[in-house]
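Chain residues, written in single-letter form:
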Amino acid sequence: MQTKQVHFPYISYLSLLIPIDMPRTKIAGIGMYVPPNVVTNHDLLKYMDTSDEWIQERTGIKERRFADRTKETTTTMAVEASKIAIERAGIAPQDIDFIIFATLSPDYYFPGCGVLVQRAMQMKEIGALDVRNQCSGFVYALSVGDQFIKTGMYKNILVIGSEKHSFGLDFSTRGRNISVIFGDGAGALVLQPTENPNQGILSTHLHSDGGNAEILAMFNPGTHANHWTPESVADFDHAEIGEMFMSHAMIDKAQNFPNMDGPTVFKKAVVKFPEVIMESLTANGLQPSDIGVLIPHQANLRIAQFVQQKLKLRDDQVYNNIDKYGNTTAASIPIALCEAWQMGKIKEGDLVCLAAFGSGFTWASALLMW
Ligand code: ACO
């Protein structure tokens, strides 16, 4: 009730800015899929020197899901989430007219996962776009979809975030600062136009700072040729042309795994999360107390708690599920959004804020009325 009262003045103000015939973008259907295989912190002890206590205290994670190694891929999980989102939107896969797929763990180096969804779901010969913005990938993808709906270009857009992290992490003690954080899963939305002034995406806000690109990165395989860093991040083993993409030496030196300076990411995240959330609120003449539910990207529970404290949000205004799924990167926001909605924590007309920060660095927010 409170949310609606606050929003009506804004809506009339917005209607002055947006041409009368330009629709808003609504979420018509939402779905999620997580693999049934639960991996607890204790389960990780058989691979590395870590502890349940360390992981829970530093990250809030109790368990995560790992996809079946040979039967499930980033795309197959995305298809499962998409089937639910499409059904809930009351349409069929053949009605989808554009796919936007956010992931950092694609089935193939190329082509992207979007075309694999198009094939697996027997969709028409529609456009398929892959977005590579890591933790903020889903908000970037949502923003792209929003523009296409508002301009009238498409009527049913499928936006997906999906990750199979378990395929490529360093599960030895050497990689424990990264591998304990991540989990697998997928979430999907169907976007449609709406004329309802009390529903839909109000605004999206996208940012990047490539000055910190190497702080959280997977360098190899890649074409970087050690160009961007003072020290070598790939040992090409005196490889000839055609042999530099992935060499035996790179694998021997574990240069094929992600790298992260966790504390530096943490310090930047706790500044940029509140900043980009406030940017979305200010752009719409709103304040933190107006938020019905904030869905922060599930990077680390301590980051989410810091953001909640900084914005003076009540517990019921923030939804976290990192304890169950870990950090599922591009999938974390749609999974948390879907779960919060399924649990009845998001109701029609509620103001929902999505916010993310991660590798790049990139960060982003979206404000919408459910
Ligand atoms: N188990 C036990 N000990 C560990 C583990 C582990 N899994 N990992 C690291 N440690 C040890 C370290 O070796 C270090 O030991 P030392 O003091 O003897 O050297 C100690 O714990 C502290 O290490 P830190 O890295 O300083 O620990 P921190 O408290 O910063 O927590 C963490 C690490 C959880 C990674 C944190 O920095 C973090 O969450 N950072 C942000 C991550 C993030 O948001 N990433 C962005 C999203 S991911 C994306 O975009 C792809």
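Just above sits the structure.
Residues numbered from 1 in each chain as written. Predicted model: local features only at pLDDT ≥ 70, side-chain atom pairs only at ≥ 80, totals over all residues. Heavy atoms only, no water.

Caption draft 1: Inspection of the overall build of the protein at higher detail. Helix and strand counts for the protein stand at twelve helices and 13 strands. Here the C-alpha atoms of the protein give a radius of gyration of 20 Å, agreeing with the 21 Å that 2.2 N^0.38 yields for 370 residues. With the C-alpha coordinates aligned to their principal axes, the bounding extent of the protein is approximately 65 × 45 × 40 Å. The proportion of buried residues among the 370 residues of the protein is 56%. When the accessible surface of the protein is totalled, it reaches about 16,700 Å², and 54% of it is carbon and sulfur. One finds the centroid of the 31 positive side-chain charges in the protein at a distance of 5 Å from the centroid of its 39 negative side-chain charges. (Helix = DSSP H or I, 4+ residues; strand = E, 2+ residues; numbered from the N terminus. Rg over C-alpha atoms; globule rule 2.2 N^0.38 Å. Buried < 20%, exposed > 50% of the residue type's maximum accessible area, 1.4 Å probe, protein only. Areas by Shrake-Rupley, 256 points an atom, 1.4 Å probe, with all protein chains shown as cover. Lys, Arg positive; Asp, Glu negative; His and termini not counted. Charge placed at Lys NZ, Arg CZ, Asp CG, Glu CD.)

Caption draft 2: The nonpolar core, seen in detail. Counting residues in hydrophobic clusters, the biggest one holds 41 residues, and the most contacted among them are Ile-277 and Leu-294. Elements with a contribution of two residues or more to this core: helix H9 (262-283), helix H10 (301-310), strand S12 (351-358) and strand S13 (362-369). The leading source of residues in this core is H9, at seven residues. Ignoring any residue separated from it by four or fewer positions in sequence, one finds Ile-277 in contact with Ile-291, Leu-294, Val-307, Leu-311, Cys-353 and Ala-355. Within the second largest apolar cluster, 40 residues are counted, among which are Met-32, Leu-189, Leu-337 and Val-352. (Core = buried A, V, L, I, M, F, W, Y, C linked by side-chain atoms within 4.5 Å. Contact = heavy atoms within 4.5 Å.)

Caption draft 3: The site of the ligand, seen in detail. With respect to spatial proximity, 24 residues lie near the ligand, and among them Thr-50, Arg-58, Cys-135, Asn-300 and Ser-359 are the closest. Contact distances for the ligand include 3.2 Å between an oxygen atom and a side-chain N or O atom of Trp-54. One nitrogen or oxygen atom from the side chain of Asn-300 is found 2.6 Å from an oxygen atom belonging to the ligand. For the ligand, the protein covers 75% of the area, taking 1,000 Å² as the surface of the free molecule. Among the secondary structure elements, those contributing two or more residues to the shell around the ligand are helix H3 (52-59), helix H7 (176-179), H9 and H10. Looking at the shell around the ligand, the element that brings in the most residues is H9, giving four residues. In the shell around the ligand, the residues fall into 13 nonpolar, eight polar and three charged. (Near = heavy atom within 4 Å. Polar contact = N/O pair within 3.5 Å; in protein donor to acceptor, adjacent residues only side chain to side chain. Nonpolar A, V, L, I, M, F, W, Y, C, P; charged D, E, K, R; others polar.)

Caption draft 4: Region of interest: the pattern of salt bridges. One pass over the structure, following the stated rule, counts nine salt bridges. Of the charged contacts in the structure, one is a salt bridge between Arg-314 and Asp-316, with a shortest N-O distance of 2.9 Å. For Arg-314, a relative accessible area of 44% translates into the label partly exposed. Residue Asp-316 is classed as exposed on the basis of its relative accessible area, which comes to 51%. Residues Glu-339 and Lys-324 are paired through a salt bridge, measuring 3.1 Å at the closest nitrogen-oxygen approach. With Glu-339 in helix H12 (residues 332-342) and Lys-324 in helix H11 (residues 322-325), the pair connects residues that are 15 residues apart, well separated along the chain. (Salt bridge = Lys/Arg side-chain N within 4 Å of Asp/Glu carboxyl O.)

That is the geometry; function is a separate question.
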